[in-house]
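Summary of the model geometry
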Amino acid sequence: MPTATAETTLARPAAALAKAGWTARLWRPVPSSSTTAFRIAFGLLAAFSSARLIWKGWVGEFYLAPTDHLTYPRFEWVRPLPGALMYAHVIVLGLLGLAIAAGWKTRSCAVIFAAGFGYLELIDAALYLNHYWFVTLAAVLLAIVPQPSRERTVPVITVWALRIQVAVVYVFAGLAKLNTDWLVHAQPLRIWLAARTDRPLVGPWLDEPLAAFAMSWAGAAFDLTIVAWLLWPRTRRYAYLAVIGFHVATAALFQIGLFPWVMIALTPIFFSPSWAGRGEAGHALRDRSAVPIARKMTTAALSVLLLVNLGLPLRHLVAPGDVAVNDDGYYLAWRVMVTERVAAVRFEITDPVSGASWSVRPEDVLADWQVSQVTSRPDLILATAHIVAARYDDPVEVRADVWVSINGHPRQRWIDPTIDLAALPRTTPTHEYVL
Amino acid sequence: VNRSRSSIVGLLTLVAGVSACGGGGENRADVVIPIVADQAPARFDEFAATAGELGAEVTTWCGAADGAGQATIATVEQAQTEWYALKPFWFGPVMDRRSQFIVNFRTDPAGIDELLAAADPVDAATLRDFVGADKRGLEALVYLLGAPADPRRCDYASGIADLVGEEAQAVADEWTTYGPSLVTDEMTANDAIRDIVSNAVFALREIEKDGTPAIESGLLAGARAAVLGEGDATALTTLIDDATVTQLTSEFDAADAASAEQTLATTVVSELGITLNFSDADGDG
């Protein structure tokens, strides 16, 4: 009986594997403890996140209180559930997280969780966060990948699928930092750090340009290379310490919620598949992955997911204009904290019949937390224009007088003031109305 | 063990030493403390002095037999200008006391006429506790002064003048202790900067609305003073890029409130790393 060591097969000797095809290699069994640790960490974070939504009062504030929601194009029909049902929905998500952590019907729970969490995110685009998308993708993955067998093994494809999912976040976040503002002007970190001189110990140095440059370059280097350091067994341990240091530092400096803790908790998937020991609990009772048809379906599903993971972050390359200005390709693309935009937004309303005109500001129709997002994302300006237009019984024209400062640059006009935004379909690409 | 302990102590000492030396950038607390501890209380005192004269002015108007109180109206408008020039500092005591609903509010002329016609008390205490904001304050006083004095009108105007005078003095007194205690470190300095800039932006936006020249000049001057300073007084300029200061100065010189508001709400807010009207929601995007 071979010994279970890091990423070595449990069932067949290495020599036999070398002769096997790539499919066989993807499905060779490895210890399942790292996968189980990933699943437990994910489930507990999902449960914690749901509890946090409730105890912070965010279910009421973000989903129930607003008169209007900034919906996503084509998803205008997604509305919050009434009152208690919305709370029930969040509670169920938390329970599903606990079930996933416990390994109880993991795949079914992950499917339902992904759908329920996705619904929550679709309600209001002002709530979009990159790490929510990561949570959704991770849940989908847990629903796809084979769960541990009775022998407490998983196909190595399970481990690599989870690793790739984590790697995608770092690599694309790093690629997004390869721009002039980040590398040459140390923006937007220069702005953000200068406003954080109140932090203990390092605070007095944060308004130094050198600190911003050092952190910009270090951040880009970290994101672009950390996956390699984590994959190399000789540097893995130190790389994980760097992961902890990096995310704790960002948590201390910026208001980024659970993102740092999600990455710290799930990055150990890069360790040996047996790193968490052999005594893990909660493995699945049945392993369907041994069935050939299930293998084909799983491989196909993972391939689709891989294409989604690679395609979405790169789509801005084929979109007209600069994504940093028009956000065409911003969503679902891991452009994490690379752009600081501050806009002054005012809508000019015109009654086409009487010719009368007047002004409306986003804060006149939206909650403060929605306004703070509207002033930094052009698609939400279009969404707000439609909300404003809907407030009137008769059709009105809505034009936007919007100025923006991007990464500390002098303000510039952002939205074409001649376009009647109320007449534009919600699906209009941003480059058609962003200057 | 001893060597490790020495290394840790040495490292911590080094970090503490480096931190104590501080960065070379402008300390935000040093910039904001003179504004909130000295300049703002002094300006609230000035406003209290002007508001304190209103009672005597109204009494003079009541004793005159020549109709409308144009001279008194000039003093009221001066008070309005000073009050709205303080709008960047309408936080702390002003918010706590809800002074903006006592000192000046958009009037309801019909309601004022109704109260004039009634026999209800119109002294300062009654106006504070039992009368709506649209029937008291400086704008209501201007309305009352627009017609010849009679005993009832005089009583009403005196009540408003006394109320505004009391409120202005109370706010000034509170700012005398609130201002110096407001900023103690960089965190409170950032909070104060956010409040000042936010209120300056709101002041400039208010100019878009239908306001009197007295109010508009106060709003514009107040926003300018808060951000660019006035006379020898420094303001937030040391924290803002020189080119932005130049741009803002030219916009204020041209009395272009819309442009100044856009620059303040975008470039200045961005340079200061602050956020207007920000909630406590997470963010990573």
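See the structure above.
All values reported here derive from a predicted model rather than from experimental measurement.

**Topic: the overall build of chain A**
From N to C terminus, chain A includes 18 helices and 6 strands. Scaling as 2.2 N^0.38, a compact globule of 435 residues should have a C-alpha radius of gyration of about 22 Å, and chain A matches this with 24 Å. With respect to the three principal axes, the spread of C-alpha positions in chain A is 85 × 50 × 40 Å. Split into buried and exposed, the 435 residues of chain A put 56% on the buried side. Here the analysis covers contacts within chain A between residues at least 6 apart in sequence; of these, 69% occur between residues at least 24 apart. Distance between charge centres in chain A, computed from 37 positive and 31 negative side chains, equals 18 Å.

**Some details on the pairing of strand S3 (residues 341-350) of chain A**
Residue and element names in this part refer to chain A. For S3, the tally of buried residues reaches 9 of 10 residues, placing the bulk of the element in the interior. As paired strands, S3 and strand S4 (residues 357-360) are joined by 4 bridges and run antiparallel to one another. Bridge pairing in S4 links Ile349 to Trp358.

**A look at the sheet that holds strand S5 (residues 397-406) of chain A**
Ordered by their spatial adjacency, 4 strands build an open sheet running S4-S3-S5-S6 (chain A), and the pairing between neighbours is antiparallel. Every other strand in the sheet has two partners, leaving S4 and strand S6 (412-413) of chain A as the edge strands with one partner each. Lying over the sheet, helix H18 (residues 378-390) of chain A contacts S3, S4 and S5 of chain A, oriented at roughly 30° with respect to S3(A). On top of the sheet, helix H14 (residues 257-272) of chain B reaches S3 and S5 of chain A; it is set at about 155° to S3(A), its chief contact.

**Side note on the packing of helix H11 (residues 186-206) of chain B against H14(B)**
Residue and element names in this part refer to chain B. Running from N to C, H11 and H14 cross one another at 160°; their axes reach a closest spacing of 8 Å. Regarding the angle of H11 to H14, the classification is roughly antiparallel. The two elements H11 and H14 meet at a crossing, and its hand is left-handed. Of H14, the residues touching H11 (which contributes Ile193, Val197, Ala200, Val201, Leu204 and Arg205) are Ala257, Ala260, Glu261, Leu264, Ala265, Val269 and Leu272. The residue makeup of the contact of H11 with H14, split by class, is 11 nonpolar, no polar and 2 charged.

**What about the packing of aromatic side chains?**
One pass over the structure, following the stated rule, counts 27 aromatic pairs over all chains. With 5.5 Å between their ring centres and 65° between their planes, A:Trp358 and A:Tyr392 make a pair best called edge-to-face. Placement of the pair is A:Trp358 in strand S4 and A:Tyr392 in the loop between H18 and S5, with a sequence separation of 34 residues. An angle of 50° between the planes, with centres 5.4 Å apart, marks the rings of B:Tyr84 and B:Trp90 as tilted. Residue classification places B:Tyr84 among the buried residues on the basis of a relative accessible area of 6%. A network of ring pairs unites the aromatic residues B:Phe44, B:Phe89, B:Phe91, B:Trp175 and B:Tyr178 as a single cluster. Taking the ring centre of A:Trp160 as reference, the NZ or CZ of A:Arg163 above it sits at 4.7 Å.

Conventions we followed
- Residues numbered from 1 in each chain as written.
- Chains lettered and ligands numbered in written order.
- Predicted model: local features only at pLDDT ≥ 70, side-chain atom pairs only at ≥ 80, totals over all residues.
- Heavy atoms only, no water.
- Helix = DSSP H or I, 4+ residues; strand = E, 2+ residues; numbered from the N terminus.
- Rg over C-alpha atoms; globule rule 2.2 N^0.38 Å.
- Buried < 20%, exposed > 50% of the residue type's maximum accessible area, 1.4 Å probe, protein only.
- Contact = heavy atoms within 4.5 Å.
- Lys, Arg positive; Asp, Glu negative; His and termini not counted.
- Charge placed at Lys NZ, Arg CZ, Asp CG, Glu CD.
- Pairing = 2+ DSSP bridges.
- Axes fitted to C-alpha atoms, helices over the stretch in contact; angles between N-to-C directions.
- Parallel < 35°, antiparallel > 145°, perpendicular 65-115°, else oblique.
- Left-handed = near helix turned anticlockwise from the far one by under 90°.
- Nonpolar A, V, L, I, M, F, W, Y, C, P; charged D, E, K, R; others polar.
- Phe/Tyr/Trp six-rings, centres within 6.5 Å; stacked < 30°, edge-to-face > 60°.
- Lys NZ or Arg CZ within 6 Å of the ring centre and 35° of its normal.

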